[in-house]
Amino acid sequence: MNINQINRNSIKVKSKLKWLTWVLTIGTLAGAIVTINFQSSYSIQTVKAASKKDIDEFKNLHVSPKTFPKKMRGTWYSCSSDDNSLTKTVITKNKMIYRYKGGKVTNSLHVYKKHSLNPKSKGYRHNRISWLFLNYVKPFKEKNRYYVVYRGWNQVLGTNIHYNVSKINGHEILTLSSGFYVSDHSYKSKKLALKYKQKHYHNFIYHKIAKD
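Now for a description of the structure that goes with this document. (Residues numbered from 1 in each chain as written. Predicted model: local features only at pLDDT ≥ 70, side-chain atom pairs only at ≥ 80, totals over all residues. Heavy atoms only, no water.)

Overview of the pairing of strand 11 (residues 171-178)
- Across the 8 residues of strand 11, 6 count as buried, placing the element largely inside the fold.
- In terms of strand pairing, strand 10 (residues 161-168) meets strand 11 through 8 bridges, oriented antiparallel. Bridge pairing in strand 11 places Ile161 opposite Ser178.
- With antiparallel pairing between neighbouring strands as the criterion, strand 10 and strand 11 make up a hairpin whose turn holds 2 residues, including Asn169 at a positive phi of roughly 50 degrees.
- Bridge count for strand 11 against strand 12 (residues 181-186) is 5 bridges, and the pairing is antiparallel. (Buried < 20%, exposed > 50% of the residue type's maximum accessible area, 1.4 Å probe, protein only. Helix = DSSP H or I, 4+ residues; strand = E, 2+ residues; numbered from the N terminus. Pairing = 2+ DSSP bridges.)

A word on a positive patch on the surface
- Among the surface-exposed residues, Lys88, Arg99, Lys104 and Lys190 lie close enough to one another that they form a single positively charged patch.
- Relative to the assigned elements, Arg99 resides in strand 5 (residues 95-100). (Patch = residues over 30% accessible without salt bridge, like charges linked within 9 Å, V, L, I, M, F, W, Y side chains within 5 Å. Areas by Shrake-Rupley, 256 points an atom, 1.4 Å probe, with all protein chains shown as cover. Salt bridge = Lys/Arg side-chain N within 4 Å of Asp/Glu carboxyl O. Lys, Arg positive; Asp, Glu negative; His and termini not counted. Charge placed at Lys NZ, Arg CZ, Asp CG, Glu CD.)

Digging into the nonpolar core
- Among the nonpolar cores identified, the biggest contains 21 residues, and Phe68, Met72, Ile91, Met96, Tyr150, Tyr163 and Leu174 are the most heavily contacted of them.
- Contributions of two or more residues to this core are made by strand 5, strand 6 (103-109), strand 7 (131-134), strand 9 (145-152), strand 10 and strand 11.
- Look past the residues within four positions of Tyr150 in its chain and what remains in contact with it is Thr67, Phe68, Pro69, Met72, Leu109, Phe133, Leu134, Asn135, Asn160, Ile161 and Tyr163.
- Core analysis: the next-biggest nonpolar cluster, separate from the first, contains 15 residues, Ile168, Phe180, Tyr201 and Phe204 among them. (Core = buried A, V, L, I, M, F, W, Y, C linked by side-chain atoms within 4.5 Å. Contact = heavy atoms within 4.5 Å.)

Section: the pairing of strand 5
- Alignment of strand 4 (residues 86-91) against strand 5, held across 4 bridges, turns out to be antiparallel. Looking across to strand 5, one finds that Val90 is bridged to Ile97.
- Counting the residues between successive antiparallel strands, the hairpin from strand 4 to strand 5 contains 3 residues.
- With 6 bridges joining them, strand 5 and strand 6 adopt antiparallel strand pairing. From the neighbouring strand, Ile97 faces strand 6, where its bridge partner is Thr106.
- Turn length for the strand 5-strand 6 hairpin, with the two strands adjacent in sequence and antiparallel, is 2 residues, and the turn residue Gly102 shows positive phi of about 105 degrees.

Regarding the environment of Glu142
- Along the chain, the position of Glu142 falls in strand 8 (residues 140-142).
- For Glu142, a relative accessible area of 27% gives the class partly exposed.
- With 61 residues separating them in the primary sequence, Glu142 and Asn203 have C-alpha atoms 8.2 Å apart.
- Setting aside chain neighbours within four positions, we find Glu142 in contact with Tyr147, Phe180, Asn203 and Ile205.

Quick word on the packing of aromatic side chains
- Counting across every chain of the model gives 10 aromatic pairs.
- For the ring pair Tyr150 and Tyr163, a centre distance of 6.2 Å and an interplane angle of 65 degrees mean the geometry is edge-to-face. In this pair, Tyr150 is assigned in strand 9 and Tyr163 in strand 10, connecting sequence segments 13 residues apart.
- Relative accessible area serves as the criterion here: at 0%, Tyr150 is assigned to the buried category.
- These aromatic residues form a ring-pair network of at least three members: Tyr112, Trp131, Phe133 and Trp153.
- Taking NZ or CZ as reference, Lys188 lies 4.1 Å from the ring centre of Trp76, over its face. (Phe/Tyr/Trp six-rings, centres within 6.5 Å; stacked < 30°, edge-to-face > 60°. Lys NZ or Arg CZ within 6 Å of the ring centre and 35° of its normal.)

Let's talk about the side chain of Asn203
- Along the polypeptide, Asn203 turns up in the loop between helix 2 (190-195) and strand 13 (205-209).
- For Asn203, a relative accessible area of 13% puts it in the buried group.
- At 3.2 Å, the side chain of Asn203 and the side chain of His202 are in polar contact. (Polar contact = N/O pair within 3.5 Å; in protein donor to acceptor, adjacent residues only side chain to side chain.)

Rendered as structure tokens:
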């Protein structure tokens, strides 16, 4: 995943791409991925009231290591709460294409094979930094949400990439999480992304800046 081009501010999480940068690609030249732990600066925020129409699409899902789940596929939009800029995510059978303000990132899904994570070894492949693989055969449950978990091919350390699709009040929502802390929600239209850019939902875990 060649996302070294994207930066993340020290406190605010502006978009999924800036979060992915820190999780997957920092320090690749040294053969290690550095994960910055912001949890000491945050408290956990959850939404208590459950929606009357809330369906987790990943419950009882059979996950293939060769393709992204059908529920994830299609075109999604998320919106930055800072400047209202949109990120467009297109997911096919085995590719994720992110178009954001100022650039584009493409990730591809591959079946895991044992490989070297040492950049100095003969088995290491620098050109596979954009590759992902399925990390768990079954969706992982947290707070009554089920997540499909992926990992960067050359990733040594850091948090896995978690995805969930839920249908809430009639809207399909793709959630990207750092571990289980929500990075953002994506929607099927630009209009919904703008409308619900700061919306929090039941059974998701959100970061909240701690108050003194």
